[in-house]
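Residue-level structural notes
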Protein chains: 2
Amino acid sequence: MDRQTITIYDVAREAGVSMATVSRVVNGNPNVKPTTRKKVLDVIDRLDYRPNAVARGLASKKTTTVGVIIPDVTNLYFSSLARGIDDIATMYKYNIILANSDENEQKEVQVLNTLLAKQVDGVIFMGNKITDELRAEFSRSRTPVVLAGTVDPDEQVGSVNIDYEAATEDSVDMLVGNGHSKIAFISESHDEPINGQYRLNGYKKALEKASISYNDDLVLQSEYTYKVGEAVFEQLKKAGATAAVVSDDELAVGILNAALDRGVSIPEDFELITSNNSKLTAMTRPQMSTVVQPLYDIGAVAMRLLTKLMNKEEIDEKTVKLPYTIDAKGTTK
Amino acid sequence: MDRQTITIYDVAREAGVSMATVSRVVNGNPNVKPTTRKKVLDVIDRLDYRPNAVARGLASKKTTTVGVIIPDVTNLYFSSLARGIDDIATMYKYNIILANSDENEQKEVQVLNTLLAKQVDGVIFMGNKITDELRAEFSRSRTPVVLAGTVDPDEQVGSVNIDYEAATEDSVDMLVGNGHSKIAFISESHDEPINGQYRLNGYKKALEKASISYNDDLVLQSEYTYKVGEAVFEQLKKAGATAAVVSDDELAVGILNAALDRGVSIPEDFELITSNNSKLTAMTRPQMSTVVQPLYDIGAVAMRLLTKLMNKEEIDEKTVKLPYTIDAKGTTK
DNA sequence: ACAGGAAATGTAACCTTTTTCAATTAAATC
DNA sequence: GATTTAATTGAAAAAGGTTACATTTCCTGT
């Protein structure tokens with residue numbers, strides 16, 4: 001009682017050719033006589049035939065689908081990357097299976113596995129830390145993987161980033177230049193190389209250059225949400241910070257607002273520079289000074305790189321670093 | 001030179017059973033003797049067998065994948081819905097193919113077609129207007145469709161919303177109550193029923209109740225972006241509006257900031273109420289008064305509804321309206 | 001020990017394409 | 001006009017599972 005969908009068989013029969021021929025015209029294979037092609041095309045049109053992508057995937061071992069693991073679509077940083085990914089994917093005729101991981105290691109592995117089970121042609125991973133288990137899954141399957149906005153010191157898989165260390169160093173340099181010596185650094189867990197290894201290093205380097213001694217009280221680990229801004233700001237005050245480098249925009253807004261709500265003038269009494277250049281940085285008052293990461297492009301380039309990998313094209317460099325700048329807006333002098 | 005992946009055949013052979021039996025244990029069919037199950041499970045484990053979801057999909061005609069058409073992941077309103085969708089999808093073992101449409105009618109149709117070609121078990125559509133072409137595609141395929149945060153006066157497919165008309169009416173009521181008579185209404189195109197039919201109606205009703213005559217100059221159509229806020233605010237001033245009801249948070253922030261940047265005090269000189277209760281409403285200063293839409297829940301309920309539809313369960317009501325409230329924060333008195 | 005029914009397992013068709021590889025047809029050469 | 005060669009087309013074998021149906025095995029009760 002179903003048999004409603006029409007298959008390549010039906011087309012072949014109607015057109016009086018073999019299904020191989022139908023397959024050829026559908027796939028644009030040139031070895032088909034123009035008249036036959038026309039005939040088949042007409043039948044396809046008349047019957048409104050749509051190839052079954054699943055059957056296609058099974059036969060050809062290609063699904064034209066890539067998996068995208070994202071911590072949270074609701075985070076503007078990641079959704080901006082995702083947008084870049086999807087646009088390029090569409091351009092290359094791929095679709096995206098999007099899965100939220102909440103940066104939960106267990107979910108990440110699980111999701112990766114279902115993506116692989118679904119035979120995605122490639123995977124784009126956004127997150128912060130590549131656990132060993134994840135790395136093991138990556139290398140076990142021969143499915144290409146590209147990290148977007150995510151670093152893996154191991155560099156086994158492709159990745160697209162900016163130079164987080166240098167960007168953070170530049171940010172701190174700027175605050176130092178504005179006369180600060182009690183500069184806080186706030187990021188997520190230092191277990192994540194992007195923070196503990198790159199950003200923190202940049203921070204330390206800048207301090208060192210300025211002969212400012214490193215003070216543990218000024219280095220905070222915090223989740224990236226708006227609502228913890230209050231608590232973080234209290235900690236900052238307690239530690240005597242007069243400026244801060246923040247690794248996430250949403251958190252930065254939280255801190256900024258907490259300061260404003262307490263009557264602290266910004267940037268006069270406190271300076272702040274954030275890291276992602278998401279839309280948010282333009283929406284606050286004062287607008288937030290920020291590292292300008294080319295968010296969309298990171299996603300786009302990552303997807304482009306993945307297409308090459310899936311296509312087994314020769315890659316010159318599978319770790320690409322995109323340029324960044326610093327945009328001094330209203331939260332710094 | 002490929003044959004690296006191991007199939008159900010391999011497992012069957014190793015375990016000395018038929019593939020049917022392997023299939024049974026993989027799918028949790030109870031008709032398997034515990035000892036056999038154990039034996040098979042051991043082999044699966046040893047060989048690290050992972051069922052090929054594509055083959056499965058072809059054989060069973062179920063892909064456990066649903067398509068999600070979203071205008072733009074980067075818009076917090078929609079990404080919040082998407083998050084609700086994905087969480088419930090995951091809960092029911094579905095994956096999400098996400099596709100951005102930019103509310104472009106052509107893209108919408110095209111994307112829907114590739115989703116159907118990929119044999120998704122269901123579709124969740126977010127957008128604003130259901131064109132006839134889209135409607136035609138919806139009904140042609142027997143794939144269930146649910147609209148999330150999107151209305152279709154036609155009510156042919158499932159949908160999850162709030163009562164936009166009433167919510168807008170309430171918003172205007174509140175501004176009227178605060179003494180305004182020159183209240184602006186700003187939304188996207190009135191061709192979209194959600195705006196032209198529901199919200200605008202609510203606006204008119206409220207005016208009528210208050211015996212305020214409708215003034216065309218106070219009714220604006222604008223795209224939903226932050227950057228047009230300036231232009232929109234200028235128009236509002238010109239029209240002499242003293243308050244506004246805005247249908248999109250990002251646009252509302254743009255208007256709010258344009259006002260603040262011009263030295264207008266809010267809410268003293270101008271009141272504003274927005275419609276989506278995205279994170280943004282808490283991030284501005286003053287915080288934005290808003291209609292509280294249960295964004296996450298709209299997505300979650302839509303996905304839940306879709307699971308029922310896909311499961312051919314009996315549905316009591318396929319058009320569900322979720323409750324909303326009005327949260328008067330800093331942009332209204 | 002044996003019939004009868006339930007439980008467990010196996011057989012083989014089917015799902016819809018792609019993709020060899022072989023067969024046929026058309027075009028080109030002399 | 002007979003061959004050769006090139007261009008089209010078709011037949012059938014994958015691809016990796018699910019599932020209806022048939023068959024075998026296992027218990028029970030007598």
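Residues numbered from 1 in each chain as written. Chains lettered and ligands numbered in written order. Predicted model: local features only at pLDDT ≥ 70, side-chain atom pairs only at ≥ 80, totals over all residues. Heavy atoms only, no water.

**Some details on the domain arrangement of chain A**
All names here are of chain A. The line we're drawing: Each domain's extent was defined by an automatic or database domain assignment. Contacts are assigned to residue pairs with any non-hydrogen atoms lying within 4.5 Å of each other. Defined in terms of a 1.4 Å probe, buried area is the accessible area two parts forfeit on being brought together, summed over both. In the sections that follow, a salt bridge refers to a side-chain nitrogen of Lys or Arg positioned within 4 Å of a carboxyl oxygen of Asp or Glu. N or O atoms within 3.5 Å of each other form a polar contact, as long as, within protein, one can give a hydrogen and the other can take it, and as long as residues adjacent in sequence are counted only when both atoms are side-chain atoms. For the purposes of this entry, the term helix denotes a DSSP run of H or I that reaches at least four residues, the term strand denotes a run of E that reaches at least two, and both are numbered from the N terminus. Only Asp, Glu, Lys and Arg are considered charged in this grouping, and only Ala, Val, Leu, Ile, Met, Phe, Trp, Tyr, Cys and Pro are considered nonpolar; every other residue, Gly among them, is considered polar.
Per the domain assignment, the segments making up chain A are domain 1 (8–51), domain 2 (65–162 + 295–323) and domain 3 (164–292). Each of domain 2 and domain 3 was reduced to a C-alpha centroid, and the two centroids are 28 Å apart. Listed as interface residues are 13 residues of domain 2 and, on the opposing side, 16 residues of domain 3. Of the roughly 1300 Å² buried between domain 2 and domain 3 on both sides combined, carbon and sulfur atoms contribute 61%. Three residues stand out in domain 2 for area buried against domain 3, namely Leu76, Asn128 and Ile162, and they jointly supply 39% of the buried area on that side. Across the domain 2-domain 3 interface, the total number found is zero salt bridges. Between the two partners, domain 2 and domain 3, sit three residue pairs in polar contact (both at pLDDT 80 or more). When contributions to the side of domain 2 that touches domain 3 are tallied by element, the ones reaching two or more residues are α5 (76–91) and β5 (158–162). Split into classes, the residues belonging to the side of domain 2 that touches domain 3 amount to six nonpolar, five polar and two charged.

**Some details on unusual backbone geometry**
Of note, the bond from Arg285 of chain A into Pro286 of chain A is cis; its omega dihedral lies within 30 degrees of zero at -5°. On the secondary structure map, Pro286 of chain A appears in the loop between α12 (280–283) and β10 (289–292). Residue Pro267 of chain B is reached from Ile266 of chain B by a cis peptide bond, and omega for that bond is 10°. By secondary structure assignment, the location of Pro267 of chain B is in the loop between α11 (249–261) and β9 (271–274). Residue Lys93 of chain A is not a glycine yet carries a positive backbone phi of 70°. Positionally, Lys93 of chain A belongs in the loop between α5 and β2 (95–100).

**Some remarks on the interface of chain A and chain B**
Contacts between chain A and chain B engage 52 residues on the former and 51 residues on the latter. Summed over both partners, the interface of chain A with chain B buries about 4500 Å², with 48% contributed by carbon and sulfur atoms. The largest per-residue losses of area from chain A upon contact with chain B belong to Arg83, Lys118 and Met283 of chain A, which jointly make up 15% of the total buried on that side. Our count for the contact surface shared by chain A and chain B stands at 34 residue pairs in polar contact (both at pLDDT 80 or more). Elements represented by at least two residues in the side of chain A that touches chain B include exactly α4 (53–60), α5, β2, α6 (105–117), α7 (132–140), α11 (249–261) and α12 of chain A.

**Things to note about the sheet that holds strand β8 (residues 243–246) of chain B**
Residues and elements named next belong to chain B. Selection criterion: DSSP bridges decide pairing: two strands pair if at least two such bridges lie between them. Orientation is described by lines fitted to C-alpha atoms, with helices fitted over the stretch in contact, and by angles between N-to-C directions that extend from 0 to 180 degrees.
In space, the six strands of this open sheet follow the order β7-β6-β8-β9-β10-β12, with mixed pairing throughout. At either end of the open sheet lies a strand with only one pairing partner, and these are β7 (219–221) and β12 (325–327). Taking each pair of neighbouring strands and ignoring which way they run, the sheet shows an average axis angle of 20°. With four bridges connecting them, strand β6 (residues 183–187) and β8 associate as parallel partners. Considered in β8, the bridge of Phe185 is made with Val245. Of the strands in this sheet, β6, β8, β9, β10 (289–292) and β12 are in contact with helix α8 (residues 164–177), which crosses β8 at around 165°. Strands in contact with helix α9 (residues 193–209) are β6 and β7; relative to β6, the strand with the most contacts, it is inclined by about 165°.

**Concerning the environment of Val176 of chain B**
All names here are of chain B. Mapping Val176 onto the fold places it in helix α8. Taking the C-alpha atoms as reference points, Val176 and Ser211, 35 residues apart in sequence, are found 10 Å from one another. Once residues within four sequence positions are removed from consideration, Val176 is found in contact with Ile183, Ala210 and Ile212.

**Brief notes about the environment of Leu112 of chain B**
All names here are of chain B. What counts is decided by this rule: Buried means the residue's accessible area, taken with a 1.4 Å probe over protein chains only, is under 20% of the maximum for its type, while exposed means over 50%, and partly exposed covers the values in between.
Tracing the chain through its elements places Leu112 in helix α6 (residues 105–117). Residue Leu112 is classed as buried on the basis of its relative accessible area of 1%. For the pair formed by Leu112 and Val68, sequence separation is 44 residues and the distance between their alpha carbons is 8.9 Å. Every residue in contact with Leu112, bar those within four places of it in the chain, is listed here: Ile69, Val123, Leu134, Glu137 and Phe138.

**Regarding the packing of helix α5 (residues 76–91) of chain B against helix α13 (residues 295–310) of chain B**
Residues and elements named next belong to chain B. How we decide: Oblique is the label for any angle not under 35 degrees, not over 145, and not in the 65 to 115 range, which are roughly parallel, roughly antiparallel and roughly perpendicular in turn. Whether a crossing is left-handed or right-handed is set by the direction in which the near helix is turned from the far one by less than a right angle, anticlockwise for left-handed and clockwise for right-handed.
The contact between α5 and α13 brings their axes to 7 Å, and the two run at 40°. As far as their axial angle goes, α13 and α5 are oblique. The element α5 and its partner α13 pack so that their crossing is right-handed. Residues Tyr77, Ser80, Leu81, Arg83, Gly84, Ile85, Asp87, Ile88 and Ala89 of α5 lie in contact with α13, whose contacting residues are Leu295, Tyr296, Ile298, Gly299, Ala300, Met303 and Arg304. Residues belonging to the contact of α5 with α13 are distributed by class as follows: ten nonpolar, three polar and three charged.

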